[in-house]
Amino acid sequence: NMVIEGVVGEYTINNLPAPVTALISQPLVKLDSTGLPQPKLVKGWQVNNNATEYTFTLADNLYWDDGTKLKSSDISFNITDGLVSYPDNNTIVFKFTDSYSPLPTQLSLPIFKYHTGIGIGAYKIKEIDHDRDGIKITKLILTPKSDNLPNVTIRFYQDEKTAKIGFWLGEI
């Protein structure tokens, strides 16, 4: 059972499109049907009165796809105007100089182990093919963690023209 998809655009392991990252990992916070943040990979969070400090507590017994236990310090965050600290393996603290209420919503993107493609999702990366420069991804092969899901191959094309050629060649 195999699914083969084509994606147009130039991507690296650090900027995969959202539908692809959603297969490989999950977010700390999910957005409910009304757009409000809810715990996903965290038990919950506390925020101080002026929304300058947030403390998130990871859910119990989370493991990366490589089998290692998820530690708070495994996750890197691209937060502007804020400091991130990891007081222990289950806690992440964000501190801001000014009030910053949108933080929980910003944590609704899938997390990855520090600068790798290792996540906590329904799929794990089996193989990554790169272009000649070794930077842009040309093909990603994903294997499911449960037997009832198909294997997934995603081919990346730099533009629609090359995607159409890939389609004609039967690649996608």
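About the thresholds
Along each chain, residue indices are assigned from 1 in the same order as the chain's sequence is written. In keeping with the model being predicted, local features are shown solely for residues with a pLDDT of at least 70 and side-chain atom pairs are shown and tallied solely at 80 or more, while totals for entire chains, interfaces and linings include all residues. Hydrogens are left out, water is left out, and the side-chain values use all remaining heavy atoms of the structure. In this scheme, strands are said to pair when DSSP sees at least two bridges between them. Only runs of H or I of at least four residues qualify as helices and only runs of E of at least two qualify as strands under DSSP, and these elements are numbered from the N terminus. The angle between two axes is taken between their N-to-C directions and runs from 0 to 180 degrees, where each axis is a line fitted to C-alpha atoms and a helix contributes only its stretch in contact. Salt-bridge detection follows one rule: a side-chain nitrogen of Lys or Arg within 4 Å of a carboxyl oxygen of Asp or Glu.

Chemist: Is there a simple way to think about the sheet that holds strand β7 (residues 91–96) in this case?
Modeler: Picture the strands of a sheet paired through backbone hydrogen bonds; they go either parallel or antiparallel. Ordered in space as β4-β5-β7-β6, the 4 strands form an open sheet in which the pairing is antiparallel. Each of the sheet's edge strands pairs with one partner strand only, and the pair in question is β4 (42–47) and β6 (82–88). Sheet twist, expressed as the average angle between the axes of neighbouring strands with direction ignored, equals 20°. Pairing between strand β5 (residues 53–58) and β7: 5 bridges, direction antiparallel. Opposite Phe56, over in β7, you have Ile92 as the bridge partner.

Chemist: Can you walk me through the pattern of salt bridges in this structure?
Modeler: Two side chains that carry opposite charge are able to pair once their charged atoms sit near each other. One pass over the full model with this rule turns up 5 salt bridges. Residue Asp60 pairs with Lys43 through a salt bridge whose shortest N-O separation is 3.2 Å. Remark: Lys43 occurs in strand β4 and Asp60 occurs in the loop between β5 and β6; sequence separation between them is 17 residues.

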